[in-house]
Amino acid sequence: MPVITSIDDLRHLHRRRTPKMFFDYCESGSWTEQTFRENSSDFDKIRFRQRVAVDMSGRTLKGTMLGQPVTMPVALAPIGSLGMQNADGEIKAARAAARFGVPYTLSTMSICSIEDVAQNSADPFWFQLYVMQDTGFVDEIIERARAANCSALVLTLDLQILGQRHKDIKNGLSAPPKITPRNAFDFATKWRWSFGMAGTKRRTFRNIVGHASSVGDLTSLSAWTAEQFDPRLDWAKVERIRERWGGKLILKGILDAEDAKLAVKAGADAIVVSNHGGRQLDGALSSIRMLPSVVRAVKGETEIWLDSGIRSGQDILKAIALGADATMVGRAYVYGLGAMGEAGVTRALEILQKEMDVTMALCGRRTLREVARDILLVPRDFEGDWAENA
Ligand SMILES: Cc1cc2nc3c(=O)[nH]c(=O)nc-3n(C[C@H](O)[C@H](O)[C@H](O)COP(=O)(O)O)c2cc1C
């Protein structure tokens, strides 16, 4: 068993053990990948202030997200096709999250269905909704999430149309994958993955198949998205979904202070400051750079969470110090799943927790309530000196 000490170790193992098509699907951003890269490199520009001779005993990272107790302020973000990274991946991630005491979010575009996950994991999970043109399908999937006891709905607002990732096109990404001579060789060398896949019946988008009418070629995610996702999604439709759901609502994909205000008006219980991990608008600023302006606009009116670019517990602490109430992680746990299945997701969470705890202590704080901007050194021009565009 390799010694895993960082999220990057998990990433390396994920790359070694998972077919190239699926590793690339995870490890890519749209077009030039500028936003994807800066999501992480901008975290590196922020530094910590070391403080000493402070009593460090009795530390805790515990808190709440939407009133739900969490062992640390981290939820697992929704990831499409997760069950292609590792057999039954959604069930494994949900179980690891439940055992660790953090929320798991199931994507609309998951391989395991809502019902599969509900039957195989003890704790309630959250469901992420992509709005389709077929309102009948949208209403039905909301009912299915309710019936499965999902405790919050995460409505993703930044993917009405799909950003282009060059690698996915070149790799011929599909679920289930097509067997070509090149793929067959790749799958044969990734024997753990292949055995896992041979042993499960969950190999296509089970939330969709058998539920949506007029399902065209679902194996090609990009073609299907272009055909089915609702390009007319607007705030009035958000309102309709909020009413239809009636429970806790998280609006994901907010990157601008103006949109944050509109999200509050639309009744969001939480917003996720996110650029979809750099997979949508290439050239947008990183989430961590946009966070302070969103915090100034809506702090206290809704919970403010951040995702995109988090690769360590230190990154999480930086986001909290800049005013986020909590975070979501995407790739950090996908690497774990691709590397070692359920145990890998747990390992990823342990690494994030340990890094956060030690960093908080060395900054002289014992609880996240005590964590504020004054534990950081933030470059003067961090938010950027952009010309006014209004
Ligand atoms: C492989 C992959 C698939 C994703 N699928 C979805 C999805 O189905 N729904 C969604 O709302 N976000 C999706 N996202 C975005 C994540 O929920 C999250 O916003 C992003 O991964 C955060 O950035 P990080 O990976 O740098 O942590 C996906 C991200 C990745 C990497």
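Residues numbered from 1 in each chain as written. Predicted model: local features only at pLDDT ≥ 70, side-chain atom pairs only at ≥ 80, totals over all residues.

Novice: Go over the overall build of the protein chain, please, and point to the residues and values.
Specialist: For the protein chain, the count of helices and strands is 16 helices and 12 strands. Against the 2.2 N^0.38 benchmark of 21 Å for 390 residues, the protein chain shows a C-alpha radius of gyration of 20 Å, consistent with a compact globule. When the backbone C-alpha atoms are referred to their principal axes, the protein chain occupies close to 60 × 50 × 40 Å. Buried positions account for 48% of the 390 residues belonging to the protein chain. Within the protein chain, residue pairs in contact and separated by at least 24 positions form 73% of the contacts whose partners lie at least 6 positions apart. (Helix = DSSP H or I, 4+ residues; strand = E, 2+ residues; numbered from the N terminus. Rg over C-alpha atoms; globule rule 2.2 N^0.38 Å. Buried ≥ 20, exposed ≤ 12 C-beta atoms within 10 Å, placed from the backbone. Contact = placed C-beta atoms within 7 Å.)

Novice: Tell me about the environment of glycine 313, and name the residues and values.
Specialist: Inspection of the secondary structure assignment puts glycine 313 in helix α15 (residues 313-321). Residue classification places glycine 313 among the buried positions, given that 25 C-beta atoms sit within 10 Å. Separated by 20 residues in the primary sequence, glycine 313 and serine 293 have C-alpha atoms spaced 23 Å apart. What glycine 313 contacts, discounting residues up to four positions off in sequence, is Leu352, Gln353, Lys354, Glu355, Met356 and Thr359.

Novice: Outline the nonpolar core, listing residues and values.
Specialist: Membership of the largest hydrophobic core comes to 109 residues, with the highest contact counts inside it found for Ile271 and Val273. The element contributing the most residues to this core is helix α16 (residues 331-362), with 14 residues. If we ignore the near neighbours within four places in the chain, the residues touching valine 273 are Ile254, Leu255, Ser287, Met290, Leu291, Val294, Ile304, Trp305 and Leu306. (Core = buried A, V, L, I, M, F, W, Y, C linked by C-beta atoms within 7 Å.)

Novice: Provide a residue-level description of the UniProt feature "binding site: glyoxylate" (unreviewed entry) in the protein chain, including the pertinent values.
Specialist: What UniProt calls "binding site: glyoxylate" (unreviewed entry) maps, in this numbering, to Tyr25, Arg165, His276 and Arg279. A maximum C-alpha distance of 13.3 Å among these annotated residues, which run over 255 residues, shows that they cluster at one spot. You can see tyrosine 25 is positioned in helix α2 (residues 20-26). Beyond its immediate chain neighbours, meaning those up to four positions away, tyrosine 25 contacts Ser81, Asp168 and Leu173. Considering the arrangement of structural elements, one finds arginine 165 in the loop between β7 (152-156) and α8 (166-171). The contacts of arginine 165, once residues within four sequence positions are left out, are Ser28, Gly29, Ser30 and Arg279. (UniProt positions renumbered as here; feature names shortened; annotations may be inferred.)

Novice: Can you explain the pairing of strand β6 (residues 126-129)? Please cite residues and give values.
Specialist: Looking along a regular strand, one sees side chains alternate from face to face of the sheet. Alternating residues of β6 divide into Trp126 and Gln128 and Phe127 and Leu129, and every residue in both groups is buried. Note: strand β5 (residues 105-106) against β6, two bridges, orientation parallel. Paired with leucine 106 across the two strands is phenylalanine 127, which belongs to β6. In this fold, β5 hands off to helix α6 (residues 114-120), which returns the chain to β6; that crossover is right-handed. Of the pairings in the sheet, the one linking β6 to β7 comprises four bridges and is parallel in character. If you follow leucine 129 over to β7, its bridge partner there is leucine 155. In this fold, β6 hands off to helix α7 (residues 135-147), which returns the chain to β7; that crossover is right-handed. (Pairing = 2+ DSSP bridges. Right-handed = clockwise from strand over helix to strand, strands pointing away.)

Novice: With reference to specific residues and values, describe the site of the ligand.
Specialist: Near the ligand, the surroundings consist of 24 residues, among which Ala77, Gly80, Ser107, Gly277 and Gly330 are the closest. Put simply, the parts of the chain that give the shell around the ligand at least two residues each are α2 and α16. Classifying every residue of the shell around the ligand by side-chain character gives nine nonpolar, 11 polar and four charged. (Near = placed C-beta within 6 Å. Nonpolar A, V, L, I, M, F, W, Y, C, P; charged D, E, K, R; others polar.)

Novice: Account for the sheet that holds strand β4 (residues 74-76), with residues named and values stated.
Specialist: Taken in spatial order, the eight strands make up an open sheet running β4-β11-β10-β9-β8-β7-β6-β5, and their pairing is parallel. Since the sheet does not close on itself, it has two edges, and those belong to β4 and β5, each with one partner. Across three bridges, the pairing between β4 and strand β11 (residues 326-329) is parallel. Its bridge partner lying in β11, alanine 75 is registered against methionine 328.

Novice: Tell me what's going on with the packing of helix α5 (residues 89-100) against α16, and back it up with residues and numbers.
Specialist: Axis separation between α5 and α16 bottoms out at 8 Å; the angle between their running directions is 15 degrees. For the element pair α5 / α16, the angle class is roughly parallel. The handedness of the crossing between α5 and α16 is left-handed. Of the residues in α16, those touching α5 at Gly89, Lys92, Ala93, Arg95, Ala96, Arg99 and Phe100 are Tyr333, Leu337, Gly341, Glu342, Val345, Thr346 and Leu349. For the contact of α5 with α16, a count of residues per class yields seven nonpolar, three polar and four charged. (Axes fitted to C-alpha atoms, helices over the stretch in contact; angles between N-to-C directions. Parallel < 35°, antiparallel > 145°, perpendicular 65-115°, else oblique. Left-handed = near helix turned anticlockwise from the far one by under 90°.)

Novice: Outline helix α3 (residues 34-44), supporting the account with residue identities and numerical values.
Specialist: Three or more residues of α3 are buried, namely Thr35, Phe36, Glu38, Asn39, Asp42 and Phe43. Among the structural elements, α14 (287-298) and α15 are those in contact with the buried residues of α3.

Novice: Summarise unusual backbone geometry; cite the residues concerned and give the values.
Specialist: Omega for the peptide link from alanine 175 to proline 176 comes to 0 degrees, which places this bond in the cis form. By the element assignment, proline 176 lies in the loop between α8 and α9 (181-189). Of note, the phi angle at tryptophan 31 is positive, near 40 degrees, even though the residue is not glycine. Tracing the chain through its elements places tryptophan 31 in the loop between α2 and α3. One non-glycine residue, serine 308, lies in positive phi territory at about 95 degrees.

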